[in-house]
Amino acid sequence: MKIRKLLDSDLSELYKIADKVREDNVGDVIHIRALLEISNICYRNCDYCGLRAENENLTRYAMTMQEIEILGKKSFDLGYKTLVIQSGENNFYHIDKLAEVVNNLSNYGTTVTLSLGELDYKHLKTLKEAGAKRYLLKFETADKQIYSKLHKGYTLDGRLDCLRAIKELGYEVGSGFLVGLPNENLDSVAQNLALLEKLQCDMAGIGVFIPHKDTPLRALPCGSVQLTKKCVAITRILLPKCNIPITTSVGEFGDKYELFGGGANVIMQNITPNVFADNYCIYPKKHSLTDMQKDREKLVYDLINIGRKPI
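Residues numbered from 1 in each chain as written. Predicted model: local features only at pLDDT ≥ 70, side-chain atom pairs only at ≥ 80, totals over all residues. Heavy atoms only, no water.

1. Comments concerning the packing of helix 8 (residues 186–199) against helix 9 (residues 225–238)
Closest axis-to-axis distance for the helix 8/helix 9 pair is 10 Å, and the angle between their directions is 30 degrees. In the packing of helix 8 onto helix 9, the handedness of the crossing is right-handed. Residue-level inspection shows Leu186, Val189, Leu193, Leu196 and Glu197 of helix 8 in contact with helix 9, the latter providing Leu227, Cys231, Ile234, Thr235 and Leu238. Of the residues assigned to the contact of helix 8 with helix 9, the class counts are 8 nonpolar, 1 polar and 1 charged. (Axes fitted to C-alpha atoms, helices over the stretch in contact; angles between N-to-C directions. Helix = DSSP H or I, 4+ residues; strand = E, 2+ residues; numbered from the N terminus. Left-handed = near helix turned anticlockwise from the far one by under 90°. Contact = heavy atoms within 4.5 Å. Nonpolar A, V, L, I, M, F, W, Y, C, P; charged D, E, K, R; others polar.)

Shown next, in the form of structure tokens:
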């Protein structure tokens, strides 16, 4: 299999190929997305996630509609043209109220991306009609058995049905997977990449598994950062025009800009207010105080310094 052979390639060689494909297809532009984590309430119990419902060592929160809208408009005024609204999977928000906020932000000029987990077709349609442009829903693993074991009570087929509905409704579709989940091997990773290619995603996020102390996978080692970087480069080769971010989990290890030389062309800047940010903890991460304006200015400066064009 072509993908399997690519996984055996040297990382530096993959970087060279991926960087050329990136340059030829999406150029030197780096898309900066503002990430707003509106709630850590979740009714699922995914084995790897710190937001899982059974984690009682977490202060739960849900931002108000007014808070979301104010922060979304402020981020736009500071230069963030895209806002990624993310939360745990929950029924806390009335979909019509959320759609109203999406509509207001869209009319303000913001491109709204949603990452709210699996929603039914009716709710996805309501949010799309309100102005949401993109939807991010990672499948995490292409292995049905591993998926069901990690997401008890849910199936990979259900996840893929939701992704098909998202595409049918006209969203730009984002998906992706984690590297380093239990019982996976290189063939599993190749399977993940093949599914990503099959889905023909507009966005593809590939993260590295980092164990959280309040999950059943707490004793496992981290996934391979090098393998994750290979997957990002291979994704660029498989999906030349795809938007590929440097995921926040990869950013926990070393130079967070390195992957801009290995196929990536998107970066997320977290704008979640400090009062909430420490409790949006999918995996253990370093957290520094957020200053929306200064953080963007620093990021723009860094990207220009490495020869890229931030927008």
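2. Some details on the side chain of Thr272
Its location among the elements puts Thr272 in the loop between strand 8 (266–270) and helix 10 (274–277). Given the relative accessible area of 0%, Thr272 is considered buried. Discounting chain neighbours no more than four positions away, the residues touching Thr272 are Leu35, Leu36, Glu37, Tyr61, Ala277 and Thr290. (Buried < 20%, exposed > 50% of the residue type's maximum accessible area, 1.4 Å probe, protein only.)

3. Thoughts on the environment of Ala233
Mapped onto the elements, Ala233 comes out in helix 9. Placed 226 residues apart in sequence, Ala233 and Leu7 show a C-alpha to C-alpha distance of 9.8 Å. Other than its neighbours up to four places away in sequence, Ala233 contacts Leu14, Tyr15, Ala18 and Gly262.

4. Some details on the packing of aromatic side chains
Summed over the entire model, instances satisfying the criterion amount to 6 aromatic pairs. Here the aromatic rings of Phe92 and Tyr93 are separated by 5.2 Å at their centres, their planes lie at 85 degrees, and the arrangement is edge-to-face. Among the residues examined, Tyr93 registers a relative accessible area of 12% and is labelled buried. In this arrangement the basic side chain of Arg44 is found over the ring face of Tyr154, its NZ or CZ atom lying 3.5 Å from the centre. We note Arg296 situated over the ring of Tyr80; from NZ or CZ to the ring centre the distance is 4.9 Å. (Phe/Tyr/Trp six-rings, centres within 6.5 Å; stacked < 30°, edge-to-face > 60°. Lys NZ or Arg CZ within 6 Å of the ring centre and 35° of its normal.)

5. Some remarks on the packing of helix 3 (residues 65–77) against helix 4 (residues 95–108)
Where helix 3 contacts helix 4, the axes come no closer than 10 Å and their chain directions differ by 15 degrees. Here helix 3 lies roughly parallel to helix 4, going by the angle between them. As helix 3 runs across helix 4, the sense of the crossing is right-handed. Taking contact as the criterion, the partners of Met65, Ile68, Glu69, Gly72, Lys73, Phe76 and Asp77 in helix 3 are, on helix 4, Lys97, Leu98, Val101, Asn104, Leu105 and Tyr108. Partitioned by chemical class, the residues of the contact of helix 3 with helix 4 number 7 nonpolar, 2 polar and 4 charged. (Parallel < 35°, antiparallel > 145°, perpendicular 65-115°, else oblique.)

6. Quick look at the state of the cysteines
Counted by the stated rule, this structure contains 0 disulfides. Take Cys222: it sits in no disulfide, and the sulfur closest to it among the cysteines is that of Cys281, at 13 Å. Just so you know, Cys281 is unpaired, no disulfide at all, and the nearest cysteine sulfur is the one on Cys49, 8.9 Å from it. In this structure Cys281 comes out as buried when scored by relative accessible area, which is 16%. (Disulfide = S-S within 2.5 Å.)

7. A closer look at the pairing of strand 6 (residues 203–208)
Buried residues dominate strand 6, accounting for 6 of its 6 residues. By the alternation rule, side chains of strand 6 split into Met203, Gly205 and Gly207 and Ala204, Ile206 and Val208, which are all buried. Pairing of strand 5 (residues 172–179) with strand 6, which is carried by 6 bridges, proceeds in the parallel orientation. Bridging from a neighbouring strand, Gly174 pairs with Met203 of strand 6. What joins strand 5 to strand 6 is helix 8, and the crossover it makes is right-handed. (Pairing = 2+ DSSP bridges. Right-handed = clockwise from strand over helix to strand, strands pointing away.)

8. Here's the deal with helix 5 (residues 121–130)
By the burial criterion, the buried members of helix 5 are Leu124, Leu127 and Ala130. Along the long axis of helix 5, the arc covered by the buried residues comes to 125 degrees, so they all point the same way. What points out from helix 5, more than 90 degrees from its buried face, is the exposed set Lys122 and Glu129. Positive phi appears at Gly131, one or two residues downstream of helix 5, with a value of about 125 degrees. (Arc of directions from axis to C-beta.)

9. Let's talk about the nonpolar core
Judged by nonpolar contacts, the single largest core of 98 residues is most densely connected at Leu114 and Leu127. Those residues within four positions of Leu114 in sequence are excluded, and the remaining contacts are Ile85, Val102, Leu127, Ala132, Arg134, Tyr135, Leu136 and Tyr171. (Core = buried A, V, L, I, M, F, W, Y, C linked by side-chain atoms within 4.5 Å.)

10. Points about empty space enclosed by the protein
Under the definition given, this model contains 1 cavity of 30 Å³ or more. Around the largest cavity, the lining residues are Lys229, Ile246, Val250, Phe253, Asp255, Lys256, Glu258 and Leu259. Residue composition of the lining of the largest cavity, by class: 4 nonpolar, no polar and 4 charged. (1 Å grid on protein atoms, 1.4 Å probe; cavity = no way out; pocket = protein on both sides within 12 Å on 5 of 7 lines; lining within 4 Å. Points joined across faces, edges and corners; volume = space filled by probe spheres on them.)

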